[in-house]
Amino acid sequence: MAFTGKYEFEADENYDDFVTKIGLPSDKIEMGRNCKIVTEVVQSGNDFTWTQHFPGGCTTTNTFTVGKEADMETMGGKKFKATVKMEDGKLVADFPNYRHTSEISGGKLVEISTASGAVYKRVSKKIA
């Protein structure tokens, strides 16, 4: 599955319940609510650079190779190590307190994060 592209936030489901379950600070919760996150993905085989641009100039970038441990950062700014896997065309990563999957479906980037029974879904449309 080809992930390369630039994607703009289109819709999400269950944001508040999810971010509360993972313990995101209130200032980060407000920053992320309904904001037009732009996700930029560069893929070269199994190598990925995954950048999220937030309004106001804040950017988070994770660089990883599928199947190899990499230094990562959560949306709350916590650093950790993870091994991203490819399962049925989906990228799967176990973050410290949630599981995250990403896939391209209908030309859109669909990301699902699950923590303590709360499932957060974010859909982004391709803009480049």
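Just above sits the structure.
Reference entry: report on the structure contained in this document. (Residues numbered from 1 in each chain as written. Predicted model: local features only at pLDDT ≥ 70, side-chain atom pairs only at ≥ 80, totals over all residues. Heavy atoms only, no water.)

Let's shift gears to the overall build of the protein chain. Check the secondary structure of the protein chain and you find 2 helices and 11 strands. Starting at the N terminus and walking to the C terminus, you meet the elements of the protein chain as β-α-α-β-β-β-β-β-β-β-β-β-β. Rg of the C-alpha trace for the protein chain: 14 Å, near the compact-globule value of 14 Å for 128 residues, within the 12% margin. Across its three principal axes, the protein chain shows a C-alpha extent of roughly 40 × 30 × 25 Å. A buried classification covers 39% of the 128 residues belonging to the protein chain. A fraction of 41% describes how many contacts in the protein chain between residues 6 or more apart in sequence connect residues 24 or more apart. Taken as a whole, the protein chain presents about 6,600 Å² of accessible surface, with 49% of it coming from carbon and sulfur. When the 17 positive and 18 negative side-chain charges of the protein chain are each reduced to one mean point, those points stand 1 Å apart. (Helix = DSSP H or I, 4+ residues; strand = E, 2+ residues; numbered from the N terminus. Rg over C-alpha atoms; globule rule 2.2 N^0.38 Å. Buried < 20%, exposed > 50% of the residue type's maximum accessible area, 1.4 Å probe, protein only. Contact = heavy atoms within 4.5 Å. Areas by Shrake-Rupley, 256 points an atom, 1.4 Å probe, with all protein chains shown as cover. Lys, Arg positive; Asp, Glu negative; His and termini not counted. Charge placed at Lys NZ, Arg CZ, Asp CG, Glu CD.)

A sheet is described by the order of its strands in space; here 9 strands give the open sequence S4-S3-S2-S1-S11-S10-S9-S8-S7, paired in antiparallel fashion. Each edge of the open sheet carries a strand with a single partner, namely strand S4 (59-65) and strand S7 (85-87). Neighbour-to-neighbour, the strand axes of the sheet open up by a mean angle of 25°, direction not taken into account. Two elements, strand S10 (residues 108-115) and strand S11 (residues 118-126), share 8 bridges in a ladder whose sense is antiparallel. Residue pairing across strands places Thr114 opposite Val119, the latter belonging to S11. (Pairing = 2+ DSSP bridges. Axes fitted to C-alpha atoms, helices over the stretch in contact; angles between N-to-C directions.)

Our focus in this paragraph is the environment of Gly32. Turning to its location among the elements, Gly32 is positioned in helix H2 (residues 26-32). Residue class for Gly32 comes out buried when judged on its relative accessible area of 13%. The sequence separation of Gly32 and Pro55 amounts to 23 residues, and the corresponding C-alpha distance is 9.2 Å.

Our next topic: the side chain of Thr101. Relative to the elements of secondary structure, Thr101 occurs in strand S9 (residues 99-105). Residue classification places Thr101 among the buried positions, given a relative accessible area of 17%. Filtering out sequence-adjacent residues up to four positions away, Thr101 remains in contact with Leu91, Val92, Val110, Glu111 and Ile112.

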